[in-house]
Amino acid sequence: MELQAAIILCGGKATRMGELCLDTPKSLLKVDGLSILARQLRKLPKTMFAPFLAIGDTPHSQQFADFSQKFDCQLHRNLVSSPEGTGGAVHQIIRHYGLRGPVMVLNGDVLFQEPLTDMAYYHLDNGVKHSILGCGLYPVREYGELVLKKDTAHLPKVLAFNEKQNSIELGFINGGCYILDAQDYKENSSSVCSIERDVFPRLCLDESLHAYLTTKYWTDMGTPERFSNANTAGC
């Protein structure tokens, strides 16, 4: 079995990025001459379908259309433009294209060194239903933390997501990349939902979400400071 599709979520409003994103969407910002999206496409494993780019109500639709044509992607305009609707774009794509197997979902504003092909192989070889990229070790004060159950034969299970907390401790965080069973996701989500707030709590409750852990470099582009300090070596 191989991954059926990869879906990159590019619907964020980038409200904290200020003037950086006035004329360019965050995922198309260039880091060392190459956009975040282009760097992510280089990391994707082989899939049956061309990659999907899921966008919301954005003034940058033409830029995404031009990028999709240049890099052979499929552009999906999500009818729900709020951050809470990011999971709805995944639901819509799965339903529209009849996807039934494993699907990779990626936040469109993260850079990382971990080869996603390795994550895909590990997911498929272990026969798990859903998995998440767990990146460590990062400050839980800033990102929150994955609560893990490590005494399992396969990938460690995710039991909960702790929100940002007043702590100086380091831990494994949500790396913004997931492999989801399309059929199960379709049956247990809707066209208006959040992956983090609506889908993951259920998966944690029935212990069907596993973590693929890495300590390689990772960053998100949530602020101008993180963008300016991004390290593209290996990304």
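Below or above, wherever it landed, is the structure these notes cover.

The rules behind these values
Residues numbered from 1 in each chain as written. Predicted model: local features only at pLDDT ≥ 70, side-chain atom pairs only at ≥ 80, totals over all residues. Heavy atoms only, no water. Helix = DSSP H or I, 4+ residues; strand = E, 2+ residues; numbered from the N terminus. Rg over C-alpha atoms; globule rule 2.2 N^0.38 Å. Buried < 20%, exposed > 50% of the residue type's maximum accessible area, 1.4 Å probe, protein only. Contact = heavy atoms within 4.5 Å. Axes fitted to C-alpha atoms, helices over the stretch in contact; angles between N-to-C directions. Parallel < 35°, antiparallel > 145°, perpendicular 65-115°, else oblique. Left-handed = near helix turned anticlockwise from the far one by under 90°. Nonpolar A, V, L, I, M, F, W, Y, C, P; charged D, E, K, R; others polar. Polar contact = N/O pair within 3.5 Å; in protein donor to acceptor, adjacent residues only side chain to side chain. Phe/Tyr/Trp six-rings, centres within 6.5 Å; stacked < 30°, edge-to-face > 60°. Pairing = 2+ DSSP bridges. Salt bridge = Lys/Arg side-chain N within 4 Å of Asp/Glu carboxyl O.

1. A closer look at the overall build of the protein chain
Then comes step 1: The secondary structure content of the protein chain amounts to eight helices and 13 strands.
Then comes step 2: By the compact-globule yardstick of 18 Å for 235 residues, the protein chain fits well, its C-alpha radius of gyration being 17 Å.
Then comes step 3: Overall, the protein chain is about 50 × 45 × 30 Å in size when its C-alpha atoms are taken along their principal axes.
Then comes step 4: The buried share of the protein chain, taken over its 235 residues, is 54%.
Then comes step 5: Considering only intrachain contacts with a sequence separation of at least 6, the fraction spanning at least 24 residues in the protein chain is 75%.

2. Remarks on the packing of helix H1 (residues 36-43) against helix H2 (residues 61-71)
Then comes step 1: Running from amino to carboxyl end, H1 crosses H2 at an angle of 30 degrees, the nearest separation of the two axes being 12 Å. Regarding the angle of H1 to H2, the classification is roughly parallel. Judged by the sense of rotation from one axis to the other, the crossing of H1 with H2 is right-handed. Taking contact as the criterion, the partners of Leu 37, Ala 38 and Leu 41 in H1 are, on H2, Phe 64, Phe 67 and Phe 71.
Then comes step 2: Split into classes, the residues belonging to the contact of H1 with H2 amount to six nonpolar, no polar and no charged.

3. Here we look at the environment of Asn 174
Then comes step 1: Mapping Asn 174 onto the fold places it in strand E11 (residues 170-181).
Then comes step 2: A relative accessible area of 21% places Asn 174 in the partly exposed class.
Then comes step 3: Spatially, the C-alpha atoms of Asn 174 and Tyr 143 are 7.9 Å apart, while their sequence positions differ by 31 residues.
Then comes step 4: Leaving out residues up to four positions away in the same chain, Asn 174 has contacts with Ile 132, Leu 133, Leu 146, Phe 161, Glu 196, Phe 200 and Trp 218.
Then comes step 5: Only 2.8 Å separates the side chain of Asn 174 from the backbone nitrogen of Gly 176, close enough to count as a polar contact.

4. A word on the packing of aromatic side chains
Then comes step 1: Taken as a whole and assessed by the stated rule, the structure comprises ten aromatic pairs.
Then comes step 2: For the ring pair Tyr 143 and Trp 218, a centre distance of 5.4 Å and an interplane angle of 75 degrees mean the geometry is edge-to-face. Residue Tyr 143 is found in helix H5 (residues 140-143), and its partner Trp 218 is found in strand E13 (residues 218-220); the two are separated by 75 residues along the sequence.
Then comes step 3: On the basis of relative accessibility, which here comes to 22%, the residue Tyr 143 falls in the partly exposed class.
Then comes step 4: Here the aromatic cluster, defined as three or more aromatic residues joined through ring pairs, consists of Phe 49, Phe 52 and Tyr 97.

5. Some points on unusual backbone geometry
Peptide bonds are mostly trans, and most non-glycine residues show a negative phi.
Then comes step 1: Of note, the bond from Gly 136 into Leu 137 is cis; its omega dihedral lies within 30 degrees of zero at -5 degrees.
Then comes step 2: Secondary-structure assignment places Leu 137 in strand E8 (residues 130-139).
Then comes step 3: The phi dihedral of Asp 32 is positive, around 55 degrees, even though this residue is not glycine.
Then comes step 4: Along the chain, the position of Asp 32 falls in the loop between strand E2 (30-31) and strand E3 (34-35).
Then comes step 5: By relative accessible area, which is 63% here, Asp 32 ends up exposed.
Then comes step 6: Phi is positive for Asp 72, close to 55 degrees, though the residue is something other than glycine.

6. Some details on the pairing of strand E1 (residues 5-9)
Then comes step 1: Burial within E1 is extensive, with five of its five residues counted as buried.
Then comes step 2: Side chains Ala 5, Ile 7 and Leu 9 project from E1 onto one buried face, and the interleaved Ala 6 and Ile 8 project onto a second face that is buried too.
Then comes step 3: Two strands pair when backbone bridges link them, and E1 and strand E6 (residues 102-107) are joined in this way by five bridges, in the parallel orientation. Counted as the bridge partner of Ala 6 is Met 104 from E6.

7. Quick word on the environment of Tyr 121
Then comes step 1: Looking at the secondary structure, you find Tyr 121 in helix H4 (residues 116-126).
Then comes step 2: Sequence-wise, Tyr 121 and Leu 9 are 112 residues apart; in three dimensions their C-alpha atoms are separated by 22 Å.

8. As for the pattern of salt bridges
Then comes step 1: For the coordinates displayed, the defined rule picks out eight salt bridges.
Then comes step 2: A salt bridge links Lys 157 to Glu 207; its shortest N-O distance comes to 3.5 Å. Residue Lys 157 is located in strand E10 (residues 157-162), and its partner Glu 207 is located in the loop between helix H7 (195-205) and strand E12 (209-214); the two are separated by 50 residues in the primary sequence.
Then comes step 3: A relative accessible area of 27% means that Glu 207 is categorised as partly exposed.
Then comes step 4: Notably, a salt bridge pairs Arg 202 with Asp 184, separated by 3.0 Å at the nearest N-O pair. On the criterion of sequence distance, the pair formed by Arg 202 in helix H7 and Asp 184 in helix H6 (residues 182-187) is long-range, its members being 18 residues apart.
Then comes step 5: Shared partners join several salt bridges into a network, and the residues in it are Glu 142, Asp 220 and Arg 226.

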